[in-house]
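Tertiary structure, described
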Amino acid sequence: MITNIKAFISIAILSVLSGCSVKYSTTGASIDLEAKTVNVRFIENRAPINNPTLSQKLTQKLRDKITSQTSLTQVNENEPRADYEFKSTITGYSFSNAAVTNVDQAATSRLNVTVNVTFVKRVGDKKGFTQSFSRSAEFPATQLPSTVENGLLENNIIPGITDDIFNRAFANW
């Protein structure tokens, strides 16, 4: 009886291990073994208000993160079919008041950025997604948005959005 149980457990473990087709890395990314290429298409900026450099910076940051933390190779945008593909659009870019003092004056302002992402998987389980990712950063209302905008994008918003997209696609968080 005990021998049968040990044999069953051994067979079950071997079956599970031999059926796995996901490669795990030290970065926490899980990539299908068949996946070799990725195409992060240029992120279009369709927000009513926009920063002219945001599309380029966000596209490059996402490409850099994927190629540095996975074994995937970025292919030319005209390449017909990459194993993984990201199609994204910046849909929101706005400034708003975040906190108001007791005299109806803004104490803190906020920059909000929203990116809609479609992730296509052509290998493995082929379960992609379409999802919006938003990040915001606050700054003192006494400062002009134009003076803090690039710093907020570079230090807070762009790294946060790229981390969120990467984790959703490859870490399934």
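Residues numbered from 1 in each chain as written. Predicted model: local features only at pLDDT ≥ 70, side-chain atom pairs only at ≥ 80, totals over all residues. Heavy atoms only, no water.

1. Things to note about the overall build of the protein chain
For the record, the criterion: Working definition: helices are DSSP H or I runs of at least four residues, strands are E runs of at least two. Numbering for both runs from the N terminus. Accessible area is worked out with a 1.4 Å probe on protein chains only. A residue is then buried under 20% of its type maximum, exposed over 50%, and partly exposed in between. Contacts are assigned to residue pairs that have any heavy atoms within 4.5 Å of one another. The accessible surface values rely on the Shrake-Rupley method and a 1.4 Å probe; as for residues, cover is taken only from the protein chains in view.
The number of helices and strands found in the protein chain is three helices and eight strands. Along the protein chain, helices (α) and strands (β) appear in the sequence α-β-β-β-β-α-β-β-β-β-α when read from the amino end. Relative to its full complement of 173 residues, the protein chain shows a buried share of 35%. Excluding contacts between residues fewer than 6 apart, the proportion of contacts in the protein chain whose partners are at least 24 apart in sequence is 67%. Split by element, the accessible area of the protein chain, about 10,100 Å² in all, is 52% carbon and sulfur.

2. Considerations on the environment of N150
Structurally, N150 is set in helix α3 (residues 145-171). Along the chain, N150 and L54 lie 96 residues apart, while their C-alpha atoms are 9.0 Å from each other. In contact with N150, other than residues within four places in its own chain, are N51, T53 and K57.

3. What about α3?
Side chains that are three or four residues apart share a direction in an α-helix, a result of its 3.6 residues per turn. Rules: The span you would expect from a helix comes to 1.5 Å times its residue count less one. Two axes enter the bend calculation: one fitted to the seven residues ending at the residue in question, the other to the seven starting there, and the bend is the angle between them.
The end-to-end C-alpha distance of α3 is 34 Å, clearly below the 39 Å that 27 residues give at a rise of 1.5 Å each. Within α3, the axis deviates most sharply at L153, by approximately 50°.

4. Things to note about the environment of D32
Stated precisely, the cut-off is as follows: Any pair of nitrogen or oxygen atoms within 3.5 Å is treated as a polar contact; in protein, a donor-acceptor pairing is required on top of that, and neighbouring residues in sequence qualify only through side-chain atoms on both sides.
Tracing the backbone through its elements, the reader meets D32 in strand β2 (residues 30-32). Under the relative-accessibility criterion, D32 is labelled buried at 8%. Residues D32 and F170, spaced 138 residues apart in sequence, show a C-alpha to C-alpha distance of 9.5 Å. A distance of 3.2 Å separates polar atoms of two side chains, one belonging to D32 and the other to K121.

5. Here we look at the packing of aromatic side chains
The following threshold applies: Aromatic rings from Phe, Tyr and Trp, with only the six-membered ring used for Trp, were paired whenever their centres fell within 6.5 Å, and each pair was classed as stacked if the ring planes differed by under 30 degrees, edge-to-face if by over 60, and tilted otherwise. A ring is considered to have a charge above it if a Lys NZ or an Arg CZ atom is located within 6 Å of its centre and within 35 degrees of its normal.
Under the defined criterion, the tally for this structure stands at 10 aromatic pairs. On the numbers, 6.1 Å between centres and 85° between planes, the contact of F95 with F139 is edge-to-face. Taken together, the residues span a long stretch of sequence, with F95 in strand β6 (residues 84-100) and F139 in strand β8 (residues 129-140) at a distance of 44 residues. Among the aromatic side chains, those forming a connected cluster through ring pairs are Y84, F86, F119, F129, F133, F166 and F170. The residue whose ring lies beneath K65 is F166, and the NZ or CZ to ring-centre distance is 5.1 Å. In this structure, R168 is placed above the aromatic ring of F129, and the distance from its NZ or CZ to the ring centre is 4.3 Å.

6. Overview of the nonpolar core
As a reminder, the rule being used: Side-chain atoms within 4.5 Å link the members of a nonpolar core, which is a set of buried Ala, Val, Leu, Ile, Met, Phe, Trp, Tyr and Cys residues.
Residues I66, Y84, F86, V113 and F170 are the most contacted members of the largest nonpolar core, which totals 36 residues. Going through the elements one at a time, β3 (37-40), α2 (54-69), β6, β7 (106-121), β8 and α3 are the ones with two or more residues in this core. Sorting elements by how many residues they give to this core places α3 first, with 10 residues. With residues up to four places along the chain from it excluded, the contact list for I66 reads V38, V40, L72, F86, F166 and F170.

7. What to know about the environment of Y84
Residue position: Y84 is located in strand β6. Of the residues examined, Y84 reaches a relative accessible area of 1% and is grouped as buried. A C-alpha to C-alpha distance of 8.5 Å links Y84 and K36, two positions 48 residues apart in sequence. Residue contacts for Y84: discarding those within four places in its chain leaves I31, D32, A35, T37, V38, N39, L72, F119, V120, K121, V123 and F170. Of the polar contacts made by the side chain of Y84, one reaches the side chain of D32; its length is 2.8 Å.

8. With respect to the side chain of T108
For T108, the position within the fold is in strand β7. Apart from residues lying up to four places away in sequence, T108 is in contact with N97, A98, A99, E138, F139 and A141.

Any link to function would need more than the numbers given here.
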